[in-house]
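Residue-level structure breakdown
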Amino acid sequence: MGKRGGVFLCFILCMGSHFAQAAPPLRIVGSSAVFPFATVVAEHFHYKTQEPAPIIESIGTGAGIKLFCESQKGPDGAITSRPFTEGEKKNCAQQGVQFQEFKIGQDGLVLIKRKGSQDFSLTLGDLRKAIAEDLPMDSLCQKNPNQTWNQIQPFFPAVALHIFGPAPASGTYDVLTEKIKGPCGLSLRHDGVYIEAPANENLIIQKVLNAPDTVGIITFSFYEKNKNRLLALPVEGITPSFSSIQGGVYPLSRPLYLYIKLNDISHHANRALYVMEFTSPDAVGETGYLQKKGLIPLPEQKETHERARGLLQVSSNNIFLKEILSPFRYAQGLRMTPFLYLNIKSCHPEESRSDELRIWDKTSSQTRNLI
Amino acid sequence: MKKTLRKRHRREKYFKSLGLASLCLALLFLGTIFGNILITGIPAFFRTEILAKAAPSDFLNPHAKYALDEEKKWMTASDEVDMYYKNDETGNLTPEQVKTIQSLEAHDQIRLTFNGAFLTHSDSREPEVAGIWGGLLGSLLTLIVTFLTAFPLGIGAAIYLEEFAPKNRLVHLIEANVNNLAAVPSILFGLLGLVAFIHFMGFPRPSALVGGLTLGLMSLPVVIVTTRASLAAVPYALKEAAMGLGAMPLQVLFHHVIPAALPGIVTGIILSLARALGETAPLLMIGMVAFIATPPSSILDPTTVLPVQIFNWSRSPEMGFVENTSGAILVLLFVLVLLNSIAITIRKKFELQNVL
């Protein structure tokens, strides 16, 4: 039991009403940038808890938040690549939707070229000069005239500007425009220099691989997966890497969020379990499975996990807390069946006794002590 | 005289070769696309397995730890090992890992087997364990709803319009509109489905029911048009002969006209179902793009369909999904060919019956 914080557990047979009617799967909506991670967590959540795998919909940060705030029922969670704005919070409050925010990690935008082509380091200002619609010239905002890279900085290669990047309504696009925002507004070029690839980063990679002089803008997870074929351009002199993004040094990086609905939480312990899985060391730890998918953990991951555990305590005075068991199941090589169920009587650490974790093992039809 | 004849022959030859050339070009395109899909897709039906005892844990698929006790001898390897073993793509493997794979290979502890899980598993974010079962089942359920919507409504409307409707302005207007609807882009039917079934009627969102009804609406005009065409093609003499023998209009219809028109009707329906099976756009509109790892058990359950799953896979970053995408396309093509051959068989059968 040890660092699990000792939770007083007593066994109860699983014939209870909780499992007679399987809970509907969780529904999570939002950003395509968090989608790859949320879905992976959903699968591990399913294997560990034997709850149905949550349904994850990638509809964009803005649309996701709108749907999330629309009613107290609706989606159980929202995944976003930026925090809620004040307006969105107000909308949520008007509908009586309560939620809790979990920062789950960090993602970075990477400027890519084909491996073997000429690389150069650029600043955010250079990037703005390359893709912003309007630029300040002679104290006026004028259409961006740059057509080749060396028009921006003389030491850049003399090749035409061709940049593939995210399309509006994606969180990635929001972050990009936010990061390079100049005095002349947020919009990006529409004259064919900046080409939008709607929510398809593989397409951007294909384009970049086929033409050596094009530059693509993709998220770090995609870059990580195709590292052997791609070259990352340093921004402000900093190459995108695991450590530079985690430290917040790399300028084109952003945090990713999971928002979970608190309305009626006492009947939705699986919401808390999902957040716990998302923030667990198993997922975002040093060798977690999300790290392999390109998510960069935050230094404050432990605190976030503790908060998730707190949410579970609120939501589960009397639920089958199977999640707590999962590390033991692997450790002891127990059979992963839906028949291992536990009942948590109380989650207060004061009352906990670490020697009483017992489970009902249906395969051998008896209870046994786990520790 | 001879001169002009030669000229005419030459012209004929020229025209023939032009036709042959265009046919060859079309076949070339088809062959390239299909060959490409086949080459990339075939590896999806094979997967790399490692002897469980010998495998380092980071060589196994990420879900393997949940089944460690199942005493399986061989376990599915991770995506990266799979890619290396099949295509020699090093990916993110370190040189030491590559060496380990080579030593596994030398000891016969790694092998390639038929990937049955590709057909029996549902969607997953790990390409090595992902399968198409959920999507296939979803497509099937959706198709059943589509059939139940389009078949009775379409046939009924077509019979009424062709046989009973008075020939006035209103009916002409309706006919023109039905013909136009058959050519409306499918995404508009998605919009209609979104408003009618989800916002207005409040059906559960990514379910086979909504998807099927939407695709049903989409197939309806096509079913009406083809049914009407095959009804109209029944010779008038047949009807007159039946009526001359004292048959009631309804008897004429059900005993003579419909059996004669049946091959055409059935072909029309199956072809429109085949189109509905491959349709993605309207389903994206009604939100059937979700990641759903559990196969549906009823038409109200959250569902994804095969084309949408292919679309989702094509957007995934893992390299293993490239072959999975092509593999799923192959399965979809196979189902489509199956449906079309059923259509042909049925038509042949009914045509034969009518002759006898």
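Residues numbered from 1 in each chain as written. Chains lettered and ligands numbered in written order. Predicted model: local features only at pLDDT ≥ 70, side-chain atom pairs only at ≥ 80, totals over all residues.

Description of the overall build of chain A
In terms of regular secondary structure, chain A is built from 14 helices and 15 strands. Counting only residues that meet the buried cut, chain A has 46% of its 371 residues in that class. Considering only contacts in chain A between residues 6 or more positions apart, those separated by 24 or more positions represent 72%. (Helix = DSSP H or I, 4+ residues; strand = E, 2+ residues; numbered from the N terminus. Buried ≥ 20, exposed ≤ 12 C-beta atoms within 10 Å, placed from the backbone. Contact = placed C-beta atoms within 7 Å.)

Remarks on the overall build of chain B
In terms of helices and strands, chain B carries 13 helices and 3 strands. Over its C-alpha trace chain B gives a radius of gyration of 27 Å, far above what one expects of a compact globule, namely 21 Å for 356 residues. With the principal axes as the frame, chain B shows a C-alpha extent of 85 × 75 × 40 Å. Of all 356 residues assigned to chain B, the portion counted as buried reaches 40%. (Rg over C-alpha atoms; globule rule 2.2 N^0.38 Å.)

Focus on the domain arrangement of chain B
The domains assigned to chain B are domain 1 (2–42), domain 2 (45–120) and domain 3 (133–355). The C-alpha-based centres of domain 1 of chain B and domain 2 of chain B are spaced at 46 Å. (Domains from an automatic or database assignment.)

With respect to helix α5 (residues 124–131) of chain A
Leu 127, Arg 128, Lys 129, Ala 130 and Ile 131 of chain A are the residues of α5 of chain A that are buried. Looking at the buried positions of α5 of chain A, the neighbouring elements they touch are β6 (134–137), β8 (163–165) and β9 (194–196) of chain A.

Some details on the pairing of strand β3 (residues 55–58) of chain A
Residue and element names in this part refer to chain A. Every second residue of β3 is oriented toward a common face, with Ile 55 and Glu 57 on one face and Ile 56 and Ser 58 on the other, all of them buried. When strand β2 (residues 27–30) meets β3, the two strands line up parallel, connected through 4 bridges. Counterpart to Val 29 in the pairing with β3 is Glu 57. Once you follow β2 into helix α2 (residues 35–49) and on to β3, the crossover reads as right-handed. (Pairing = 2+ DSSP bridges. Right-handed = clockwise from strand over helix to strand, strands pointing away.)

A word on the packing of helix α9 (residues 236–244) of chain B against helix α10 (residues 249–277) of chain B
All names here are of chain B. Interaxial distance between α9 and α10 falls to 10 Å at its minimum, and their mutual angle equals 160°. Judged on the interaxial angle alone, α10 and α9 are roughly antiparallel. In this structure, α9 crosses over α10, and the sense of that crossing is right-handed. When α9 is examined against α10, the residues Leu 238, Lys 239, Ala 242 and Met 243 are found in contact with a partner set consisting of Val 252, His 256, Val 257 and Ala 260. Here the residues of the contact of α9 with α10 sort into 6 nonpolar, 1 polar and 1 charged. (Axes fitted to C-alpha atoms, helices over the stretch in contact; angles between N-to-C directions. Parallel < 35°, antiparallel > 145°, perpendicular 65-115°, else oblique. Left-handed = near helix turned anticlockwise from the far one by under 90°. Nonpolar A, V, L, I, M, F, W, Y, C, P; charged D, E, K, R; others polar.)

Remarks on the sheet that holds strand β2 (residues 74–76) of chain B
Residue and element names in this part refer to chain B. Pairing is antiparallel across the open sheet formed by 3 strands, whose spatial order is β2-β1-β3. Looking at strand neighbours, the two that pair on one side only are β2 and β3 (110–114), the edges of this open sheet. Ignoring strand direction, the axes of neighbouring strands in this sheet form an average angle of 45°. The pairing of strand β1 (residues 46–51) with β3 spans 5 bridges and is antiparallel. Counterpart to Arg 47 in the pairing with β3 is Thr 113. The sheet strands contacting helix α2 (residues 79–87) are β1 and β3, and the helix crosses β1 at an angle near 110°.

Observations concerning the packing of helix α5 (residues 133–164) of chain B against α10 of chain B
Residues and elements named next belong to chain B. Contact pair α5 / α10: the axes reach a minimum separation of 10 Å and the direction vectors enclose 140°. With respect to each other, α5 and α10 are oriented oblique. Handedness of the α5/α10 crossing: right-handed. The segment α5 lies against α10, with Ser 139, Leu 143, Thr 146, Phe 147, Ala 150, Phe 151, Ile 155 and Glu 163 engaging Leu 253, Ile 265, Ile 269, Ser 272, Leu 273, Ala 276 and Leu 277. Classifying every residue of the contact of α5 with α10 gives 11 nonpolar, 3 polar and 1 charged.

Brief notes about the pairing of β1 of chain B
Here β1 of chain B runs beside β2 of chain B; their pairing, made up of 3 bridges, is antiparallel. Each bridged residue has a counterpart across the sheet, and for Leu 51 of chain B the counterpart in β2 of chain B is Trp 74 of chain B.

Some points on unusual backbone geometry
Even without being a glycine, Glu 236 of chain A presents a positive backbone phi close to 50°. Judged by local crowding, Glu 236 of chain A falls into the partly exposed class, with 15 C-beta atoms found within 10 Å. Non-glycine residue Asp 108 of chain B carries a positive phi angle of around 60°. Of note, Asp 108 of chain B is situated in the loop between α3 (95–106) and β3. With 9 C-beta atoms counted inside 10 Å, the residue Asp 108 of chain B sits in the exposed group.

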